[in-house]
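# Coordinate inspection notes
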Amino acid sequence: MRTFVLFGGKGGVGKTTVSAAYAHECATAGLETLLVSTDPAHSTSDVFDQEFDDDPSLVDGYDSLSVMEIDPDEAVDEHLMEIRRAMGDQVSASLVNEIDRQIELAHRTPGAHEAALFDRFIEVMRNADEYDRVVFDTSPTGGTLRLLSLPEYLGGWIGRLVEKRERSVDLYEKAALGDREPRRSRIGDPIIARLRERKENFEFAGETLREDATFYLVMNPDELSLRETRRSVESLRERGLGVEGLVMNRLTPEPEDHEEGRGARFLRERVATERERVATVRGEFDPPLVATIRTRVSEVKGDLLRSVADDLAIEVTAEQP
Ligand SMILES: Nc1ncnc2c1ncn2[C@@H]1O[C@H](COP(=O)(O)OP(=O)(O)OP(=O)(O)O)[C@@H](O)[C@H]1O
Ligand SMILES: [Mg+2]
């Protein structure tokens, strides 16, 4: 098993529930475990009936399970503040207002949350030394994954920029009299330094996700969820990231044979439909179905979380595969 385990899937399929159940399993097996949630609804707090924030804190009743909740809005704010600071250093005061307006706009673009969250993901991955396992509730989506191919593009671009800088530094030196030091050198260039840093961050993320992360997708037994899952498996694969397994959540429990009446008939029909979906997944999907989880009578927390964890059956080991 790798250090980072990511659970993805469409809204509401049970990512938070399954991530929490898996983190519970890891911690119970003695692994120092961190569960990272990015849910603005703070549903991890509901699962454990405890408030969490941006700093990892130990879950009551556990000695090796910590949770941190990344607030996507805060992440976006920090991200934009960082850009604002960086730009402010580089441009004239008159441009700063214009930049502020652009940044406000960028704040509201659909990709801003994803990009900011991804930056926080990378930070967490960089500082995960003290944990045996880090479980991410929500894996990067198509848009974020595209960022992973950025280093290649940035690589060429930075290369060309550096060449230009070097040439102008050369010219400057030739034109300069005596042995005066050139004022600009590509080594100290703050813009290039920033681009390099960004490129390295994405390189690190790509490498870590490919070499030290395992992806699982959570799904429900309905057509929409099957389609969505197929697409996610594809888009992850396009980025060189394999899905280790699928988790089917919210299967309808079957009534006993002797039970009759409308309710029992309804349940039987549902169960039959869901069986077909499960068969489709087993027969046509590449990643194996590693767990099937029944629908519980109420929200999953407390004892129900332990019972879902028993259904989960994803092997928990500390070794690399
Ligand atoms: N097997 C189950 N039985 C009963 N309730 C469940 C089950 N799985 C999930 N739920 C409940 O369904 C709701 C949604 O589940 P969950 O929060 O895990 O989904 P999610 O994929 O994380 O959603 P979101 O996309 O909003 O983050 C929760 O109230 C959860 O307790
Ligand atoms: Mg969730």
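Going by the structure above, here's the rest.
Residues numbered from 1 in each chain as written. Chains lettered and ligands numbered in written order. Predicted model: local features only at pLDDT ≥ 70, side-chain atom pairs only at ≥ 80, totals over all residues. Heavy atoms only, no water.

### What about the sheet that holds strand S4 (residues 65-69)?
Taken in spatial order, the eight strands line up as S3-S4-S2-S5-S1-S6-S7-S8 in an open sheet, and their pairing is mixed. In this open sheet, the two edge strands, each paired with only one partner strand, are strand S3 (57-58) and strand S8 (289-294). Relative to S4, S3 is paired through two bridges, and the arrangement is antiparallel. If you follow Leu 58 over to S4, its bridge partner there is Ser 66. Sheet strands touched by helix H5 (residues 111-126): strand S1 (4-8), strand S2 (33-37), S4 and strand S5 (133-137). Its angle to S5, the strand with the most contacts, is close to 170°. Running over the sheet, helix H9 (residues 223-238) touches strand S6 (213-219) and strand S7 (243-251) and is turned about 165° from S6. (Pairing = 2+ DSSP bridges. Helix = DSSP H or I, 4+ residues; strand = E, 2+ residues; numbered from the N terminus. Contact = heavy atoms within 4.5 Å. Axes fitted to C-alpha atoms, helices over the stretch in contact; angles between N-to-C directions.)

### Describing the site of ligand 1
Taken together, 18 residues lie near ligand 1, and Lys 15, Thr 16, Thr 17, Arg 250 and Arg 296 sit nearest. Taking Gly 14, its main chain carries an N or O atom lying 2.9 Å from an oxygen atom of ligand 1. Take Asn 249: an N or O atom from its side chain is 2.9 Å from a nitrogen atom of ligand 1. Out of a free accessible area of 630 Å², ligand 1 has 78% covered by protein chains. Among the elements of the structure, helix H1 (15-28), S7 and S8 are those that each provide at least two residues to the shell around ligand 1. Per element, the largest residue contribution to the shell around ligand 1 is three residues, and it comes from H1. (Near = heavy atom within 4 Å. Polar contact = N/O pair within 3.5 Å; in protein donor to acceptor, adjacent residues only side chain to side chain. Areas by Shrake-Rupley, 256 points an atom, 1.4 Å probe, with all protein chains shown as cover.)

### Here we look at the pairing of S2
Across the five residues that make up S2, a large majority, five, are buried. In S2, alternate side chains face the same way, and those of Thr 33, Leu 35 and Ser 37 on one face and Leu 34 and Val 36 on the other are all buried. Inspection of the sheet shows S2 paired to S4 by five bridges, in the parallel sense. Pairing of Leu 34 across the sheet is with Ser 66, part of S4. Of the strand pairs in this sheet, S2 and S5 are connected by five bridges, and their pairing is parallel. (Buried < 20%, exposed > 50% of the residue type's maximum accessible area, 1.4 Å probe, protein only.)

### As for H9
A rise of 1.5 Å per residue sets the reference length of H9, with its 16 residues, at 22 Å; its end C-alpha atoms lie 23 Å apart and thus fit the reference within 8%. Every buried residue belonging to H9 is among Ser 225, Leu 226, Thr 229, Val 233 and Leu 236, and all of these are buried. Projection of H9 onto a plane perpendicular to its axis shows the buried side chains occupying an angular sector of 100°, all on one side. With respect to the buried face of H9, the exposed residues turned more than 90 degrees away are Arg 231 and Glu 238. Where H9 is buried, its residues touch helix H6 (142-147), S6, S7 and helix H10 (262-284). Looking at the residues trailing H9, positive phi occurs at Gly 240, about 75°. (Expected span 1.5 Å × (residues − 1). Arc of directions from axis to C-beta.)

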